[in-house]
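A closer look at the structure
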Amino acid sequence: MTTTVQPGTGTPAEEPQIIRQSRPGSGSGSANWPVRIGLIILCITWMIPALGMLVNSFRPRDEQFASGWWTAFFNPFGSSWTLQNYTTVLTSDAAGIPMAQAFLNSLIVAVPATVIPILIAAFAAYAFTFMQWRGRDVVFVIIVGLLVVPNAVAFVPLVKLYSALGLNGTFIAVWLAHIGFGMPLAIYILRTYMSGLPTAVIESAKIDGASHFTTFWRLIMPMSMPALASFAIFQFLWVWNDLLVALIFLGRGDNTVATVALQGLQGQTGAGRELIPAAGYITIIVPIIVFLSLQRYFIRGMTSGAVKG
């Protein structure tokens, strides 16, 4: 048997290692063609109602009631496309308040009802994760247990309490309701994420003499941005799309939000039914912007703490 010796080394030559790279889309975790086709069909099916609503939002009332939205594709130049539906929705008070004012009211409700729970829940999650105090785990279990309690069971007591305090019909009432309903999930998500943060950073801050507030604000908050953004997406979408809480605690009037105004456009006789597609697209603009701007944090925040090691 002959052995090839590398010159100058005296050691047998080793066979070169061949590194094989998989083709794009063919490695572990990639979807095969049946799965891809199924996902494409599912996405198209999911988008059909949104497409139909978009087409109808540019069609006048007579054409909406005379034929289906898909007929506009067979004769696109023969259809009477118009922006009158959007103009009417934004300026008229068919629902008791112009949609432009209701849109602003939704922002007034959604922004504080999203920011305030995040700040309070972040403080609570820090206390549950990095501070030692008696009954910590018991209190955390009780808070997490509130997730299974339906929100509807609190409506009657809250209406009576707000009525006694004179808060019914005000933004404060709906802020407090959304803050209370969203707090358990916020604490659970943030505490789960913070429990996976490196403890060496916290210990180093203690050695340097940093207080709990300094540690929380300078270290924990920036490191918890994925979880904060994940809950912000959930909470904002829930508050923005909410109808029941806004209808109970705000009702109809000057403080009417977009969802209540949208529900009131149709009326009892369906007189404003042609305006609903345009009003629907006006109300989904802000949620789409919020999700697209924060979606890069979404997966990171929701999967954090799920896998250890």
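In this text the structure is predicted, and so the values were computed from the model without any measurement.

Glancing now at helix H1 (residues 33–57). Between its first and last C-alpha, H1 extends 36 Å over 25 residues, near the 36 Å set by a 1.5 Å rise per residue. In this structure, the buried side of H1 is in contact with helix H2 (61–66), helix H3 (71–74), helix H4 (84–91) and helix H14 (276–283). You can read the cap of H1 off the contacts: a side-chain oxygen lies 3.1 Å from the backbone nitrogen of Val35, and it is on Asn32.

Turning our attention to the pattern of salt bridges. Side-chain pairs of opposite charge can arise where the charged atoms are in close proximity. Considering all chains together, one arrives at two salt bridges under this definition. Between Arg136 and Asp137 there is a salt bridge whose closest N-O contact spans 3.7 Å. When its relative accessible area of 15% is taken as the criterion, Arg136 is described as buried.

The geometry of two aromatic rings is summed up by the distance between their centres and the angle between their planes. For the structure on display, the rule yields 18 aromatic pairs. A ring pair is formed by Phe58 and Tyr86, whose centres lie 5.2 Å apart and whose planes are at 40°; its orientation type is tilted. One end of the pair, Phe58, is in the loop between H1 and H2; the other, Tyr86, is in helix H4, with 28 residues separating them in the sequence. Of the residues examined, Tyr86 reaches a relative accessible area of 16% and is grouped as buried.

Another point: the UniProt feature "transmembrane region" (unreviewed entry) in the protein. The positions that UniProt labels "transmembrane region" (unreviewed entry) are, in the present scheme, residues 33–55, 103–126, 138–159, 171–190, 227–250 and 275–294. End C-alpha atoms of residues 171–190 are separated by 26 Å, and the span's content is 100% helix alongside 0% strand. Spanning residues 275–294, this segment combines 90% helix with 0% strand, and its end C-alpha atoms are found 30 Å apart.

Where helix H6 (residues 136–145) meets helix H8 (residues 171–194), the axes come as close as 8 Å, and the angle between the chain directions of the two elements is 125°. The orientation of H6 relative to H8 falls into the category oblique. Pair H6 / H8 crosses with left-handed handedness. For the pair formed by H6 and H8, the contact residues are Phe140, Ile143 and Val144 on the first element and Pro184, Ile187, Tyr188 and Arg191 on the second. Looking at side-chain class alone, the contact of H6 with H8 contains six nonpolar, no polar and one charged residues.

Our focus in this paragraph is the side chain of Ser57. Structurally, the position occupied by Ser57 is in helix H1. Looking at Ser57, the relative accessible area reads 0%, which means it is buried. In this structure the side chain of Ser57 is engaged in a polar contact, spanning 2.5 Å, whose partner is the backbone oxygen of Leu54. Contacts of Ser57, omitting those with residues within four sequence positions, involve Thr82, Asn85, Tyr86, Pro277 and Ala278.

This part takes up H4. The periodicity of an α-helix, 3.6 residues per turn, causes residues three or four places apart in sequence to face the same way. Listed as buried for H4 are Asn85, Tyr86 and Val89. Each buried residue of H4 lies within a common arc of 95° when the element is viewed along its axis, so the set occupies one face. In this structure, the buried side of H4 is in contact with H1, H2, helix H5 (99–130) and H14.

Tracing the backbone through its elements, the reader meets Leu176 in helix H8. With relative accessibility at 42%, the residue Leu176 sits in the partly exposed group. Contact partners of Leu176, with chain neighbours within four places excluded, come to Tyr162 and Leu167.

Basis of the calculations
All residue numbers refer to position in the chain's written sequence, counted from 1. Since the coordinates come from a predicted model, pLDDT governs what is reported: local features require at least 70, and pairs of side-chain atoms require 80 or more to be given and counted, while whole-chain, interface and lining totals use all residues. Excluding hydrogens and water, the side-chain figures rest on all heavy atoms present in the structure. Numbering of helices and strands runs from the N terminus, with a helix taken as a DSSP run of H or I at least four residues long and a strand as a DSSP run of E at least two residues long. Each residue after the first adds 1.5 Å to the expected span of a helix. Throughout, a contact is declared for two residues whenever any of their heavy atoms are within 4.5 Å. Any pair of N or O atoms that falls within 3.5 Å is considered a polar contact. Within protein, one atom must be able to donate a hydrogen and the other to accept it, and sequence-neighbouring residues count only if both atoms are side-chain atoms. A side-chain nitrogen of Lys or Arg and a carboxyl oxygen of Asp or Glu constitute a salt bridge if their distance falls within 4 Å. Think of it in three bands: with a 1.4 Å probe and only protein chains considered, a residue is buried below 20% of the maximum accessible area for its type, exposed above 50%, and partly exposed in between. Two rings belonging to Phe, Tyr or Trp (six-membered ring only in the last case) form a pair when the distance between their centres is within 6.5 Å. Interplanar angles under 30 degrees mark stacking, angles over 60 mark edge-to-face geometry, and anything in between is tilted. UniProt positions are given in the numbering used here, feature names are shortened, and annotations may be inferred rather than shown by experiment. Simply put, an axis is a line fit to the C-alpha atoms, just over the touching stretch for a helix, and the angle between two N-to-C directions goes from 0 to 180 degrees. Oblique is the label for any angle not under 35 degrees, not over 145, and not in the 65 to 115 range, which are roughly parallel, roughly antiparallel and roughly perpendicular in turn. A crossing counts as left-handed when the near helix is turned anticlockwise from the far one by less than a right angle, and as right-handed when that turn is clockwise. For this classification, the nonpolar set comprises Ala, Val, Leu, Ile, Met, Phe, Trp, Tyr, Cys and Pro, the charged set comprises Asp, Glu, Lys and Arg, and every other residue, Gly included, is treated as polar. Directions drawn from the helix axis to the C-beta atoms are what define this arc.

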